[in-house]
Amino acid sequence: MQLTDEELLRYSRQILLKDVDVTGQLKLKASSVLIVGVGGLGSPAALYLAAAGVGRLILADYDKLDLTNLQRQVIYQTNQIQQTKVAAAKQRLLALNPLLEIEPMALPISDDNIESLVSSVAVVLDCSDNFLTRELINKTCVTLKKPLVSGAAIRLQGQITVFDKRHMESPCYHCLFGTGGEQELTCSEAGILGPVVGIIGAMQALEAIKLIVGFGQTLVGKLLLFDAATSCFKEVKITADPSCKVCGTAQNE
Ligand SMILES: [Zn+2]
């Protein structure tokens with residue numbers, strides 16, 4: 001695989017970075033990312049990954065766009081209300097970067113489709129908003145040993161981490177959040193400020209680019225918490241739970 005003159009120019013500002021270079025750009029071009037949920041987090045994540053030249057993006061979301069989404073889901077336009085989000089997002093991403101392959105999937109993630117989706121990509125971005133989906137994505141990423149960039153945000157708080165079971169010491173989503181005993185809050189009930197999901201979604205794209213190109217340190221083993229009221233980040237060390245029923249050693253007994 002090679003880069004065309006147009007690609008060399010389009011991506012020139014990041015190819016200038018020693019950490020990316022032509023080699024890294026070729027890795028991005030050859031790579032695929034699955035984005036589950038094209039809402040507040042998935043919008044900036046998809047835009048940045050498309051702009052950066054990730055060759056193939058799979059977008060999974062079965063929602064239709066409504067007026068209340070536009071306050072934070074910056075990939076969409078007012079005249080796209082009532083369209084399926086993945087169809088609307090595909091239009092926008094191809095307008096941004098026509099060199100890519102964008103695969104929209106307007107079906108819920110389920111046991112029937114998750115394995116084939118995850119197995120075909122290099123990195124998975126969890127930009128979803130419900131616990132069952134998060135658990136299903138996590139279980140599949142653990143089984144298939146795919147890196148999972150997990151983001152969440154509610155009210156004025158955001159968080160992001162990377163689960164990567166290619167490294168033994170990495171926790172999984174279940175190690176951290178268990179069976180989700182707490183009540184599940186959604187943005188429609190609790191509220192959310194647009195830039196908060198913007199920051200976390202952009203960081204999810206950043207982690208994906210680092211994982212694909214292979215530079216720097218990802219957030220494996222670290223949960224990064226963002227408080228929008230004080231604009232402060234806090235980092236919490238997280239470890240694998242040996243008794244985790246998804247990834248723990250106990251599961252083999
Ligand atoms: Zn686990």
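Residues numbered from 1 in each chain as written. Predicted model: local features only at pLDDT ≥ 70, side-chain atom pairs only at ≥ 80, totals over all residues. Heavy atoms only, no water.

Overview of the coordination of the zinc ion
How we decide: Note that water is not among the atoms used; donors are N, O and S atoms within 2.8 Å of the metal (3.2 Å for Na, K and Ca), so sites may look incomplete. Labels for metal geometry use angle windows, namely 85 to 135 degrees for all angles of a four-donor tetrahedral site, and for square planar (four donors) or octahedral (six donors) sites opposite donors over 155 degrees apart plus all others within 65 to 115; sites meeting none of these are irregular. Three exposure classes are used, based on accessible area relative to the maximum for each residue type with a 1.4 Å probe and protein chains only: buried under 20%, partly exposed in between, and exposed over 50%.
Coordination of the zinc ion by the protein comes from Cys 172 (SG), Cys 175 (SG), Cys 244 (SG) and Cys 247 (SG), over a distance range of 2.3 Å. Each of the four donor atoms bound to the zinc ion contributes to angles spanning 95 to 120°, and the resulting shape is tetrahedral. Along the chain, the residues donating to the zinc ion fall in the pattern C-x2-C-x68-C-x2-C. Cys 247 matches Cys 244 in its accessibility class, with the two residues each being buried.

Considerations on helix α7 (residues 131–144)
For the record, the criterion: Helix and strand definitions here come from DSSP, where helices need a minimum of 4 consecutive H or I residues and strands a minimum of 2 consecutive E residues; each element is numbered from the N-terminal end. Residue count minus one, scaled by 1.5 Å, sets the expected span of a helix. Note on definitions: a residue-residue contact is assigned when non-hydrogen atoms from the two residues lie within 4.5 Å. The definition of a polar contact used here is a pair of N or O atoms within 3.5 Å, where within protein one atom must be able to donate a hydrogen and the other to accept one, and adjacent residues in sequence count solely through side-chain atom pairs.
For α7, which comprises 14 residues, the first-to-last C-alpha distance of 20 Å matches the rise-based estimate of 20 Å (1.5 Å per residue) to within 8%. Counting buried positions along α7 yields ten of 14 residues, so the element is predominantly enclosed. By the burial criterion, the buried members of α7 are Phe 131, Thr 133, Arg 134, Glu 135, Leu 136, Ile 137, Asn 138, Thr 140, Cys 141 and Val 142. Elements that come into contact with the buried residues of α7 comprise β1 (32–36), α6 (114–119), β4 (123–126), β5 (148–154) and α8 (173–177). Regarding α7, its N-cap is Asn 130, as a side-chain oxygen of that residue lies 3.4 Å from the backbone nitrogen of Leu 132 further along. Within two residues after α7, Lys 145 carries a phi angle of roughly 55°, on the positive side.

Structural notes on the sheet that holds strand β8 (residues 232–237)
Let me state the cut-off plainly: A pair of strands is treated as paired once DSSP finds two or more bridges between them. Between N-to-C directions, angles cover 0 to 180 degrees, with each direction set by a line fitted to C-alpha atoms, over the stretch in contact for helices.
With mixed pairing, eight strands are arranged side by side in an open sheet as β3-β2-β1-β4-β5-β6-β7-β8. The open sheet has two edge strands, β3 (101–105) and β8, and neither has a second partner. Between one strand and the next, the sheet's axes are offset by a mean angle of 15°, whatever the strand orientation. For strand β7 (residues 222–227) and β8, the ladder comprises six bridges, and the chain directions are antiparallel.

Brief notes about the environment of Met 105
Secondary-structure assignment places Met 105 in strand β3. On a C-alpha basis, the gap between Met 105 and Ala 87 in space is 8.6 Å, while along the polypeptide they are 18 residues apart. Residues contacting Met 105, with those up to four places away along its chain left out, are Leu 59, Ala 60, Asp 61, Val 86, Asn 113 and Leu 117.

Description of empty space enclosed by the protein
Stated precisely, the cut-off is as follows: Buriedness of a pocket was judged along seven lines, with at least five required to meet protein on both sides within 12 Å; pockets are open sets of points on a 1 Å grid over the protein atoms alone, cavities are sets where a 1.4 Å probe fits but cannot get out, and lining residues have an atom within 4 Å of a point. Grid points are joined across faces, edges and corners, and a volume is the space filled by probe spheres set on the points. Gly falls in the polar group here, along with every residue not listed as nonpolar (Ala, Val, Leu, Ile, Met, Phe, Trp, Tyr, Cys, Pro) or charged (Asp, Glu, Lys, Arg).
Under the counting rule described, the total for this entry stands at one cavity of 30 Å³ or more. Considering only enclosed or pocket space, the largest cavity measures out at about 30 Å³ in volume. Taken together, Asn 138, Cys 141, Val 142, Lys 146, Leu 148, Phe 163, Asp 164 and Lys 165 form the lining of the largest cavity. With three residues, α7 is the single largest residue contributor to the lining of the largest cavity. The class makeup of the residues in the lining of the largest cavity is four nonpolar, one polar and three charged.

Considering the pattern of salt bridges
Condition: By definition here, a salt bridge exists when the distance from a side-chain nitrogen of Lys or Arg to a carboxyl oxygen of Asp or Glu is within 4 Å.
Scanning the model with the defined rule gives six salt bridges in all. Close ionic contact of Asp 164 with Arg 166 constitutes a salt bridge, the shortest N to O distance being 2.7 Å. Residues participating in the shared-partner salt-bridge network are Arg 56, Glu 101 and Glu 103.

Things to note about the side chain of Thr 161
Position of Thr 161 relative to the elements: it lies in strand β6 (residues 157–163). You can call Thr 161 buried: its relative accessible area is 2%. There is a polar contact of 2.7 Å between the side chain of Thr 161 and the backbone oxygen of Lys 222. Sequence-distant contacts of Thr 161, that is, excluding residues within four places in its chain, are made with Leu 148, Val 149, Ser 150, Leu 219, Lys 222, Leu 223 and Ile 238.

As for the side chain of Asn 97
Secondary-structure assignment places Asn 97 in the loop between α5 (85–96) and β3. Contacts of Asn 97, omitting those with residues within four sequence positions, involve Arg 10, Tyr 11, Ala 50, Ala 51 and Gly 53.

A word on the packing of helix α3 (residues 21–29) against helix α10 (residues 194–213)
Working note: a packed helix pair is described by the angle between its axes plus the distance between those axes. Note the following rule: The scheme is simple: roughly parallel for angles under 35 degrees, roughly antiparallel for over 145, roughly perpendicular for 65 to 115, oblique for anything else.
Direction vectors running N to C along α3 and α10 enclose 110°, while the axes themselves pass 9 Å from each other. The orientation of α3 relative to α10 falls into the category roughly perpendicular. Contact residues: α3 offers Gly 24, Lys 27 and Leu 28, while α10 offers Ile 209, Ile 212 and Val 213. Residue classes in the contact of α3 with α10 are distributed as four nonpolar, one polar and one charged.

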